[in-house]
Amino acid sequence: MKLTKLFTVLFITLCSCTIVLTSCSEKKSAIPALLERKKSVGSEEEKAHIDSFYNKAVAALQKNPDDLQQYINLASVYINEGRITGNNSYYDNVAMLMLNKVTESKTGNKDITFQALNIKSAILLNVHQFKDALEVAKQGVAINTFNAGIYGALVDANVEMGNYDAAVKACDQMIAIRPDLRSYSRASYMRQIYGQNTGAIEAMKMAVESGQPGSENTEWARTTLGDLYLGIGKLDSASYEYRNSLTYRPDYPFAMIGLARVEKAKKNYDAAIEQTKNTIKIRSEVAFVSLLGDLYALKGDATKAKETRADMIELLNEAQKEEKEDALVKHNANRELANAYLSANKIDEALKYANNDLAMRPDNIDANELAAWIYYLKNDNTNAKLHADKMMLTNCKNAEKLYKAGVIYAAAGENEKGQKLIAEAMATSPYVDQEVINHTKQAVALNK
């Protein structure tokens, strides 16, 4: 079956699905509607709460279209709904539309402006416009230095831009203001970046414990905890967290895909494929489709692997074309496209998009990892080592990073250092991605 028949990508313009409100002065304001959910995601109680919050904001604006707080409330609803349903293309843009009504107003209300900037930074992070997100977050902090949320945006944006020292400082400030799920989860991420895997797990446990079981945020933290266990080879612990999440939030896609990755690590490829396909039916994330292509390849089904990867590239390119020139926010898909072309073994195209990503954030360890690996596969060991040096600057102990750095250094003539890193990778987790190992074997064979 063609993958395009398995899932669809939803593109909806800003002008659709709106409610038009008219004040006594005949001033019109378009309020984008909540889209009908095509799939069962979340609980009915959660959906009712979202609808109620949305309807109250609309009703308030019918009485007073100049009530800026209601635009803030609507933006929050849109972002939450986009996070739950995956319809981010629509919800990010309509949320930004609401926020612009606030930031472009002349009221001079700093509290309202700050709220808008806080949410804007979250949207920009979501669409991978990291530099803009950082600038907006800085504007927010200039107004309010006592809000934990804006420091969270600073953490995320600085991490993505490769400003890791600044991210640590923002994270410390965030925890000092409000130790909760959001701050603990970021503390976990910072510890992981700096190679403190045990500390990262402990911080993510605290994040889960501080949240409400079943809420999307809590189950995101729980599945991320599972990912951390998976990253150090503790498959049973990872599986437990994913299954536990599914008891609280049935059909939660990130828990479902976590179980698929466990089966992949166990080399149960048929089970992993079935689980991944079931997940895609609920939510068509690019990373999920990429996993499906990898699983077909690992199983030895080259035809389906090629077809899946070709469809993924086609859909990513279509998504870029569908974004309107006047869209308020556009998704930066350079990294996704680089990975998609890499999985399809189209190395030159992968390098083009990887370098686009790297140009935006030259100090980010993940961007450097991707570039380093592509250069290695091209037998350009000089550039591969250059970026490997940068990807290892924080001493991250991710098994895949360690393994890639090891083979790159060995190929560049630093065999002792390379073998030490490979051994460290396997000690961190014996389940290094088999696709990465296969790529290594192919590169070695080609370079002989």
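Residues numbered from 1 in each chain as written. Predicted model: local features only at pLDDT ≥ 70, side-chain atom pairs only at ≥ 80, totals over all residues. Heavy atoms only, no water.

Novice: Report on the nonpolar core, specifying residues and quantitative values.
Specialist: By size, the foremost hydrophobic cluster in this structure holds 85 residues, and its most contacted members are Ile31, Tyr54, Leu74 and Tyr78. With nine residues, helix 7 (residues 148–161) is the largest single contributor of residues to this core. Those residues in contact with Leu74 that sit more than four places away from it in its chain are Ile31, Tyr54, Ala57, Val58, Leu61 and Met98. With 55 residues, the next largest nonpolar core counts Ile273, Ile347, Leu370 and Met392 among its residues. (Core = buried A, V, L, I, M, F, W, Y, C linked by side-chain atoms within 4.5 Å. Buried < 20%, exposed > 50% of the residue type's maximum accessible area, 1.4 Å probe, protein only. Helix = DSSP H or I, 4+ residues; strand = E, 2+ residues; numbered from the N terminus. Contact = heavy atoms within 4.5 Å.)

Novice: Could you give an account of the packing of aromatic side chains, naming the residues involved and the relevant values?
Specialist: This structure, assessed with the given rule, holds seven aromatic pairs. Centroid distance Tyr78 to Tyr91: 6.1 Å. Interplanar angle 25 degrees. Geometry classified as stacked. Of the two residues, Tyr78 is situated in helix 3 (residues 68–85) and Tyr91 in helix 4 (residues 88–103); the sequence distance between them amounts to 13 residues. Neither residue differs from the other here; Tyr78 and Tyr91 are each classed as buried. Among the aromatic side chains, those forming a connected cluster through ring pairs are Tyr54, Tyr78, Tyr90 and Tyr91. Lying over the aromatic face of Tyr409, Lys417 brings its terminal NZ or CZ to 4.0 Å of the ring centre. (Phe/Tyr/Trp six-rings, centres within 6.5 Å; stacked < 30°, edge-to-face > 60°. Lys NZ or Arg CZ within 6 Å of the ring centre and 35° of its normal.)

Novice: Account for helix 20 (residues 381–391), with residues named and values stated.
Specialist: Regarding helix 20, the residues found buried are Asn381, Ala384, His387, Ala388 and Met391. Along helix 20, the residues classed as buried sweep out an arc of 130 degrees about the axis, all on the same side. Packed against the buried residues of helix 20 are helix 18 (347–360), helix 19 (365–377) and helix 21 (399–411). (Arc of directions from axis to C-beta.)

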